[in-house]
Structure formats: structure tokens, C-alpha cells
Amino acid sequence: MKFPIGTVAGAMALCAQIALAADVDRTGGPYVPTPQSVVDAMLEVASVGPEDFVVDLGSGDGRIVLTAATKHKASGMGVDIDPDLVDLANASARKLGIADRVRFVQQDVFAADLSRTTVLTLYLLPGMMQSLRPKLLADLKPGTRIVSHDFTFDLWKPDRTVTVETEEKYEITGIWTSDVHLWIVPATVQGAWRITRVGEKGGGRLDIRQGFQHFKGRFSSGDRTVELKDGHLEGARLSFSVPAGNGRREMFTGTVDRDQILGEVREGEMVIARWSATRVP
Ligand SMILES: C[S@@+](CC[C@H](N)C(=O)[O-])C[C@H]1O[C@@H](n2cnc3c(N)ncnc32)[C@H](O)[C@@H]1O
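The rules behind the values
- Residues numbered from 1 in each chain as written.
- Predicted model: local features only at pLDDT ≥ 70, side-chain atom pairs only at ≥ 80, totals over all residues.
- Heavy atoms only, no water.
- Domains from an automatic or database assignment.
- Contact = heavy atoms within 4.5 Å.
- Buried area = accessible area lost by both parts, 1.4 Å probe.
- Salt bridge = Lys/Arg side-chain N within 4 Å of Asp/Glu carboxyl O.
- Polar contact = N/O pair within 3.5 Å; in protein donor to acceptor, adjacent residues only side chain to side chain.
- Near = heavy atom within 4 Å.
- Areas by Shrake-Rupley, 256 points an atom, 1.4 Å probe, with all protein chains shown as cover.
- Nonpolar A, V, L, I, M, F, W, Y, C, P; charged D, E, K, R; others polar.
- Axes fitted to C-alpha atoms, helices over the stretch in contact; angles between N-to-C directions.
- Helix = DSSP H or I, 4+ residues; strand = E, 2+ residues; numbered from the N terminus.
- Left-handed = near helix turned anticlockwise from the far one by under 90°.
- Phe/Tyr/Trp six-rings, centres within 6.5 Å; stacked < 30°, edge-to-face > 60°.
- Buried < 20%, exposed > 50% of the residue type's maximum accessible area, 1.4 Å probe, protein only.
- pLDDT = per-residue confidence, 0-100.
- Core = buried A, V, L, I, M, F, W, Y, C linked by side-chain atoms within 4.5 Å.

*Asks:* Describe the domain arrangement of the protein chain, listing the residues and the values that go with them.
*Replies:* By the assigned domains, the protein chain splits into domain 1 (8-184) and domain 2 (191-279). Between the C-alpha centres of domain 1 and domain 2 there is a distance of 37 Å. Each partner contributes residues to the interface: domain 1 has 10 residues there, and domain 2 has 6 residues. Looking only at domain 1, the three residues that lose the most surface to domain 2 are Trp-156, Asp-159 and Ile-184, adding up to 56% of its buried area. Along the contact surface separating domain 1 from domain 2 lie 0 salt bridges. Taken together, the connections running from domain 1 to domain 2 amount to 3 residue pairs in polar contact (both at pLDDT 80 or more).

Below, the structure written as C-alpha cells:
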């Protein structure tokens, strides 16, 4: 939904011409289907497979979840405010013989149960993306992949963006390309942690300031305090480095499991220690 006329209002006006008839409050934007080539790219970028449960918020005719089920053997659910579109999508699922793995429900996106989601797909207007962000970060497990057609979360930058050429879209919008954005939901590491190297006495404290998949912070031990560098999260996988005191840097990697982190310390390629951290209440 990129429009040469530039404004969201303009986009809405243009899209309204092709919206279905049901009179519902589409706070996430009108019905505009994602071109099939872009659907394919979204599922590819999210590496969707048979183990995945794909949820499309604002699912329209259901094409994203239906494609995930037919091409990638995934299961899933679509949620749309428009009952006609929900009926259409459920009818397609029955016709394709995949109604046991895929279902569509008429619901506002904010009411959607995201507990089984491993991949979330979106093609919703920017205002809705911002409004949804807190729910997604609260409800989705670390490591869940989110893919969005064209629109982003503003402050939460995508981990990856792929641009896809698509003729189908040109006919509607006058634009040849779609952006497919990918985010991996990060674990929450904000706050203070007590950190120790396995088998060593003492230890120290990590103070982390998190901004989505990036973080800054300090490592303090005794009277020495150093800044963390390159703090990054990919789902529950965390990494950062600290100066080692010999002109080199030690690279910490680990896996976050709620209030605990377990991992390894490397200098260059060599693992020199294991470490663990527990959250300071
Ligand atoms: C741009 S279309 C995307 C359709 C589909 N996801 C796709 O990519 O082909 C947006 C869809 O969101 C639905 N929608 C808008 N606001 C919604 C809301 N608050 N709750 C649920 N669905 C909503 C619309 O009915 C429409 O079908």
C-alpha cells in the first residue's frame, strides 16, 4: 500500500474503491490483497515450515495463511474484522482441504489470541502498526518472526528488509515494488543482572538498557566498570562484547530464559569461559 499520492488518507480513498461491501470499522485499513508474489516472498523471508503456526492479523481473503498451509505445510489462523472476508477465507480453506489446519475468525486484531503464533504476518496501515506493537511484544514469544508488507513499526527497526518487484501491485498503486520487513521478537533483558563465570569466584553486575533488538549497558566488577558494545538480540540469543584489559575484546553470547542467561565467552574464535546471569529483583 505505497501510493504515489503520498498520504494515508489518499491511500484509504483509493483502496476504498476496491474494498468489499461489509460495513465494518477497519481501523487497520481497507481491504487490499497482497500480490501472490509478495505473499510468497513474505513466507520465504520468515522461513515458514511445517512446524509453524502462522497468524495473519487483518487476513482479508486469507491468502497468506492459505499459502503457508498449502505450500509450506504450516498451520495457522487469520483474523479479520470483515465477516464476508472471513467466510470467503474459510470457504477457500475447505475447498483446498486444509480446514483442519487453518481457520479464520471474525475479530478485531487487538482481541486475537497470539499464544500459538510462531510467525505473524501483517499488511496494516502505519497507525495500526504502532498501536499493535505493545501487544505483539507482550504476547509473542522471543524468536517469533514478524513479517510485514510495506509498513514498519517506526522505532522498532526491521532486522531485515527485502524489496520485491511486483507487476500486480503496479496496476493498483502505480508502484512496481513491495518491501517485505522481518523482525525477530527479542527477549526482554532490560534491567540489572548478577553475572558470574562458571567455576570462578566473584562476578559482577550487568546493567542493561534495551531498545528492542539492541541494547547498551555496563559491566561492573569490583571497582572496574566498562561499557558493553554491540549488544544485540536475535530472539532469545544475546551477544555483546566488553574490553578484556589486554587491548582485545571478550565476546559474550548466550541464551535468555526469562530471568536467567547461560552462555559462553570467546576471545577471537576460542571459548575461554562459560557464564551465567540471573536477574536482580
Ligand atoms: C490491507 S488488507 C490485508 C489483507 C491480507 N492480510 C493480505 O495481505 O492480503 C487489511 C485487512 O485488515 C482488515 N482490518 C482492518 N482493520 C481491522 C481490525 N481492527 N481488526 C481486524 N481486521 C482489520 C481489513 O478488513 C482488511 O481485510
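*Asks:* Tell me about the site of the ligand, and please be specific about residues and values.
*Replies:* Surveying the vicinity of the ligand reveals 25 residues, the closest of which are Thr-27, Gly-28, Thr-34, Gly-58 and Asp-80. Measuring from a nitrogen atom of the ligand, one finds a side-chain N or O atom of Asp-108 at 3.1 Å. The contact in question runs from a nitrogen atom of the ligand to an N or O atom on the backbone of Val-109, over 3.0 Å. Its free accessible area being 600 Å², the ligand has 100% of it covered by the protein chains. Looking at the shell around the ligand, its residues break down into 12 nonpolar, 8 polar and 5 charged.

*Asks:* Please set out the packing of helix α2 (residues 36-45) against helix α3 (residues 63-72) residue by residue, giving values where relevant.
*Replies:* What describes two packed helices is the angle between their axes and the distance between those same axes. At a minimum axis separation of 10 Å, α2 and α3 run at an interaxial angle of 65 degrees. Seen along the crossing, α2 lies across α3 with a hand that is right-handed. Packed against α2, whose contacting residues are Gln-36, Val-39, Asp-40, Met-42, Leu-43 and Glu-44, the element α3 presents Arg-63, Ile-64, Thr-67, Ala-68, Lys-71 and His-72 at the interface. Its residues placed into classes, the contact of α2 with α3 shows 5 nonpolar, 3 polar and 4 charged.

*Asks:* Mind laying out the packing of aromatic side chains, listing which residues take part and the relevant values?
*Replies:* For the structure on display, the rule yields 9 aromatic pairs. Measuring from ring centre to ring centre gives 6.1 Å for Trp-156 and Trp-183, while their planes differ by 55 degrees; the resulting arrangement is tilted. In this pair, Trp-156 sits in the loop between β5 (145-149) and β6 (160-165) while Trp-183 sits in strand β7 (residues 177-184), placing the two residues 27 residues apart along the sequence. The pair formed by Trp-156 and Trp-183 is uniform in burial state, with each residue classed as buried. When the ring of Phe-240 is compared with that of Phe-252, the centres are 4.8 Å apart and the planes differ by 10 degrees; the resulting orientation is stacked.

*Asks:* Run through the confidence of the model for the protein chain, naming residues and quoting values.
*Replies:* Do not read the fine detail of predicted coordinates wherever pLDDT is low. Of the residues in the protein chain, 93% reach a pLDDT of 70 or more, and the chain-wide mean stands at 91. A low-confidence stretch, residues 1-19 (pLDDT under 50), is modelled with 35 contacts involving residues beyond four sequence positions or located in other chains.

*Asks:* Can you lay out the nonpolar core for me, pointing to particular residues and giving the numbers?
*Replies:* With 26 residues, the main nonpolar core has Leu-57, Leu-120, Leu-122, Leu-136 and Ile-146 as its most contacted residues. Looking at this core, the elements with two or more residues in it are β1 (53-57), β2 (75-80), β4 (119-122) and α5 (126-139). Here the element with the most residues in this core is α5; it accounts for 4 residues. Leave out the neighbours within four places in its chain, and Leu-120 touches Val-55, Leu-57, Leu-114, Leu-136, Leu-140, Arg-145, Ile-146 and Val-147. Membership of the second largest hydrophobic core comes to 21 residues, among which are Phe-215, Leu-228, Val-242 and Ile-261.

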